[in-house]
Amino acid sequence: MSRFLTPHAAALPSTVPFTGPEALERRTGVPFRARLGANESLFGPSPRAVAAMQEAAQGAWMYGDPENHDLKQALARHHGVTPGHLAVGPGIDGLLGLVCRLVLESGTPVVTSLGAYPTFNFHVAGYGGALTRVPYKGDHEDPDALVSTARSLGAKLIYFANPDNPMGSHHPASVVEEMVANLPEGTLLILDEAYADLAPEGTVPAIAADHPQVIRMRTFSKGYGLAGARVGYALTNPDLALAFDKVRDHFGMGRVSQAGALAALADQDWLRSVQARTRAARTRLAGIAVANDLRPLPSATNFVTIDCGRDGDFARKVLTELGALGVFIRMPGVAPLDRCIRISLGDDATLDILEETLPLALKAAA
């Protein structure tokens, strides 16, 4: 079938950015005891969201509202913007692909961080962009380097996540606001705020909703616990928000997902309870790391990145040994970040499994 593909598509590898835990289980034939690698919320969604999805499932024979009207109205009230400032899509991953489709041509310069969320790179490659990756500065993405590199290359897109995946670090709002103020005139910033609902106070910047050069992206996958429902949204100026309608799948959002997101957004008490449980789990997971002579990095997310104190080969051995013991985790993919492993937060029962298996994995990896 490759003879029917464009030369660009034919040259692309047939890979996905992540290997899912289900694929790993199929390879080994053994289910994981603890699923701590995908940054899902083990605290789950609001019971009100579950009930709304169960009710909506009765109407699953109908397409979802192609305008996402009710969800846009609710999100607009939540963020103090107009519905025209919003675009809804199948998670941030899907929205990233739409931005790349709208903005990139073959060879268009794009800037991101070396080791940052690889799904963005996947979309850039798919649409023929020329990707430049800027090293982290310590355990943080480097906003100054991203902006200066974009300026020197004439980049049309910058991708920047705050808080960051895979390191879990964050910059205060003032740093992001300064970054936005210094954007080159011809550069559009994708500000990925997937973990904003779980970040410390003072992380989320004040950016005018009408700013012509910023697309902020949010998700229901993390704090709201709806990763499997695939609901994300972009906050941006109305012209850019409307442009999504040029290329999006207008029936891409199902009724069940729309209903779940709407009910989850209305249940802010549940979100606050998840935020409290997240803080407690961060503390416990950091303590497990320290007890094993590892260094947990400060986290603004629903995972903790742990410095194993050696090189990437050692960290990969730890990851492999944990997998053999039934614990699914992930790790950064490039040096020097790959000296670390990354472990999602969980409830006490799940962290009990980690506490039991981590010392065994470290001993086997040594």
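Predicted, not measured: the structure shown is a model, and the values here were computed from it. (Residues numbered from 1 in each chain as written. Predicted model: local features only at pLDDT ≥ 70, side-chain atom pairs only at ≥ 80, totals over all residues. Heavy atoms only, no water.)

Undergrad: What is the right way to look at the packing of aromatic side chains in this model?
TA: Aromatic ring pairs are reported here in terms of the distance separating the ring centres and the angle at which the planes meet. A complete count under the given rule lists seven aromatic pairs for this structure. Ring centres of Tyr-63 and Phe-251 lie 4.7 Å apart, and the angle between their planes is 40°; on these two criteria the pair is classed as tilted. Remark: Phe-251 occurs in the loop between helix H9 (238–243) and helix H10 (255–266) and Tyr-63 occurs in the loop between helix H3 (47–57) and helix H4 (69–79); sequence separation between them is 188 residues. Since its relative accessible area comes to 64%, Tyr-63 is described here as exposed. A centroid spacing of 5.6 Å and a plane angle of 80° characterise the contact between Tyr-195 and Phe-303, whose relative ring orientation is edge-to-face. In this pair, Tyr-195 is assigned in the loop between strand E6 (188–192) and strand E7 (214–219) and Phe-303 in strand E10 (residues 303–307), connecting sequence segments 108 residues apart. For the pair shown, Tyr-195 and Phe-303 are each scored as buried. Ring pairing ties together the aromatic residues Phe-220, Tyr-224 and Tyr-233, which thus form one cluster. A cation over an aromatic ring shows up here: Arg-310 above the ring of Phe-314, its NZ or CZ 4.1 Å from the ring centre. (Phe/Tyr/Trp six-rings, centres within 6.5 Å; stacked < 30°, edge-to-face > 60°. Helix = DSSP H or I, 4+ residues; strand = E, 2+ residues; numbered from the N terminus. Buried < 20%, exposed > 50% of the residue type's maximum accessible area, 1.4 Å probe, protein only. Lys NZ or Arg CZ within 6 Å of the ring centre and 35° of its normal.)

Undergrad: What exactly am I supposed to notice about the sheet that holds strand E8 (residues 232–235) here?
TA: Across a sheet, paired strands are connected by hydrogen bonds in the backbone, their directions being either parallel or antiparallel. The mixed open sheet is built from seven strands, whose spatial order is E2-E8-E7-E6-E5-E3-E4. The sheet is open, and its two borders are formed by strand E2 (86–89) and strand E4 (130–134), each paired with just one other strand. Neighbour to neighbour, the strand axes of the sheet diverge by 20° on average, direction disregarded. Examined bridge by bridge, E2 and E8 share four bridges and lie antiparallel to one another. Within the sheet, the bridge partner assigned to Val-88 lies in E8 and is Tyr-233. (Pairing = 2+ DSSP bridges. Axes fitted to C-alpha atoms, helices over the stretch in contact; angles between N-to-C directions.)

Undergrad: What exactly am I supposed to notice about the pattern of salt bridges here?
TA: Proximity of charged atoms lets side chains of opposite charge pair with each other. Scanning the model with the defined rule gives 16 salt bridges in all. A salt bridge links Arg-284 to Asp-352; the nearest nitrogen and oxygen atoms lie 2.6 Å apart. Placement of Arg-284 in helix H11 (residues 268–291) and of Asp-352 in helix H13 (residues 348–365) is noted, with a sequence separation of 68 residues between them. For Arg-284, a relative accessible area of 22% gives the class partly exposed. Between Arg-295 and Asp-307 there is a salt bridge; the shortest N-O distance is 3.1 Å. With a gap of 12 residues between them, Arg-295 in strand E9 (residues 295–296) and Asp-307 in strand E10 connect regions that are remote in the sequence. Among the residues examined, Asp-307 registers a relative accessible area of 10% and is labelled buried. Beyond isolated ion pairs, a larger network of salt bridges with shared partners links Asp-139, Arg-295, Asp-307 and Arg-339. (Salt bridge = Lys/Arg side-chain N within 4 Å of Asp/Glu carboxyl O.)

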